[in-house]
Amino acid sequence: MRFHPLRLGCLLVFGGLLSITWITSIPGDGEMQPDLKTLYKRLMVVEGQGVQLKRDLSNILEHLKKLPNATRFTSNFTSTNNTILSEAIKQQFLQPNIYLYMPHLRYHPLSLVPNVVLGQGRRGVSMVLGIPTVKRLKDNYLVSTLSSLLYDLMPAQRQDLLIIVFVAEINLEYVDSVAETIEKTFPNEVQSGLLEVVSPSQYYYPDFTILKETFGDSKDRVKWRTKQNLDYSFLMLYAQDKGTYYVQLEDDVVAKAGYYNSMKTYTLQEASKPWLFLEFSQLGFIGKMFRTRDLPMIAEFFLMFHRDKPIDWLLDHILWVKVCNPEKDAKHCTQQKALLKQRYKPSLFQHVGLHSSLPGKVQRLKDKDFGKQTLFHAHSNPPAVVSSSLKHYQKHSLERLYKGEDFFWALTPVQKDYILFNFSQPLHISSYLFRSGNIETSKDKFYNTTVEVLPSNAAAKTKLVPTLSYHESNNGFIIIGEFTNGVAEGGVSEALQPVSALRLVVQSDSDVWAVLSEVFIQV
């Protein structure tokens, strides 16, 4: 239902005219008294119209309470609709003072409307990850960062997570190029709503040429840190109603395998404590988790002092304002601030970018608490003779993978390449899991590869019913699954049990090497 103020006005006028017309239609004292039945009928008609008018007004008021997000508005507005849009923007951002800190926004009513390039409007998730990204003169790490975050997410986790990439540029051509790269690289994640790409309005940023140089920083650095404050604020305000917790990241980090479960478990453990943020990395602003209900206050503080100091300093100042007593010493202040931030170890995010988004700056910082990455997952698998047509790289053999000692790293697969698990004796397989790639080689996965089993009973194929939708391969093998996003998992129908062998078959040539980091055959 669309709201039209003009229609409301007409409705009210019509109601008033109708009442006047009815009143004037009643004869005067010198005229004949109206028929009581006619008068009663007229009264009932007017009363019915009044009830309907009340219902219409209630519906309109209810509609106003549920105004859609500002991003859904189009550019074809009347002056009245522009006023409504401005109110919707204020409601969305919950920032009545934003125009005090950024007065230039007053001249452009649409300056706070996010440009949602890719997204399905996902809401109600447990965790939102915010990643601001800018155009870099040298290396770009964004795709690697996203691959790291998506690497080992399970289906249920993918449904309970939202990753927002904020392209902090006003060059629409560049914004579209980033969105295109993400959509091509992660089509399923974009389509499902797991990944969103947004950018600011061309009017969002102020004039950076009038900034004052402070703390010995150059003009370029002052501009860089000021813009970073504005970028983080915009992203926080956009994310505030998307989920329960918000995590600030950067576009040049790598995540530790299993980060999602680690964060969620620790958050539930600390839920009852009065923290302002949780730290999952000790570097700068990376891996800071906030409750989304606190984001409006935090963003307003950043906006209030966006010209004055770097964002990590401002975050520390929020803690100082909240709990430090000027009449007590620095030690007491430090103790009180520690109550508002909780540190998780080991760190779950590592900074990997060498070249900063600030031109000319080389960033060599590393989080010492990050430790080593888990590059494979070991399981106790049933006895089997393993073989493959694929050549392995260095010591990363298939035998070592099956024993739980290493990952299998194969040179570029071609069509008809295979990996075979020949069991010592036929067995009943309840489920299987094959995971390709790892946190450091996220692109080296198995693509267009099937999972096939060899029933020990040759008559098993005759047991298959059409509803199972299985297809026969060669040499008696039956296709029961395939790799999707680098992972193949599922169960084996009882009609195919017991199984003598299981194999993976590559159906088309690949452009990259392949890593098999996890094999779990459960009996």
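Higher on the page you've got the structure.
Residues numbered from 1 in each chain as written. Predicted model: local features only at pLDDT ≥ 70, side-chain atom pairs only at ≥ 80, totals over all residues. Heavy atoms only, no water.

Draft legend 1. Seen up close, the packing of helix α5 (residues 142-150) against helix α7 (residues 172-185). The N-to-C vectors of α5 and α7 enclose an angle of 35 degrees; their axes lie 11 Å apart at closest approach. Considering only the axes of α5 and α7, their crossing is right-handed. Contacts between α5 and α7 involve Leu-142, Val-143 and Leu-146 from the former and Val-178, Thr-181, Ile-182 and Thr-185 from the latter. Classifying every residue of the contact of α5 with α7 by side-chain character gives five nonpolar, two polar and no charged. (Axes fitted to C-alpha atoms, helices over the stretch in contact; angles between N-to-C directions. Helix = DSSP H or I, 4+ residues; strand = E, 2+ residues; numbered from the N terminus. Left-handed = near helix turned anticlockwise from the far one by under 90°. Contact = heavy atoms within 4.5 Å. Nonpolar A, V, L, I, M, F, W, Y, C, P; charged D, E, K, R; others polar.)

Draft legend 2. Region of interest: the pattern of salt bridges. With the rule as written, the count across this model stands at 14 salt bridges. Among the ionic pairs, Glu-180 bridges to Lys-184, the shortest N-O distance being 3.1 Å. Residue Glu-180 and its partner Lys-184 are both found in helix α7; the two are separated by four residues, about one turn of the helix. When the shortest N-O distance is used, the salt bridge between Arg-225 and Asp-217 registers 2.5 Å. Like Asp-217, Arg-225 is buried. Taken together, the salt bridges that share partners define one network made up of Asp-217, Arg-221 and Arg-225. (Salt bridge = Lys/Arg side-chain N within 4 Å of Asp/Glu carboxyl O. Buried < 20%, exposed > 50% of the residue type's maximum accessible area, 1.4 Å probe, protein only.)

Draft legend 3. Inspection of the sheet that holds strand β20 (residues 514-522) at higher detail. Strand order in the open sheet made by the four strands is β12-β20-β14-β18, with antiparallel pairing throughout. Looking at the sheet topology across the chains shown, the edges are occupied by β12 (408-410) and β18 (487-490). Neighbouring strand axes in the sheet, compared pairwise and without regard to direction, differ in orientation by 20 degrees on average. Where strand β14 (residues 431-436) lies against β20, six bridges are found, and the strand directions are antiparallel. Residue Ser-431 lies in a different strand from β20, and its bridge partner there is Gln-522. (Pairing = 2+ DSSP bridges.)

Such coordinate-based values are descriptive only and should not be taken to indicate function.
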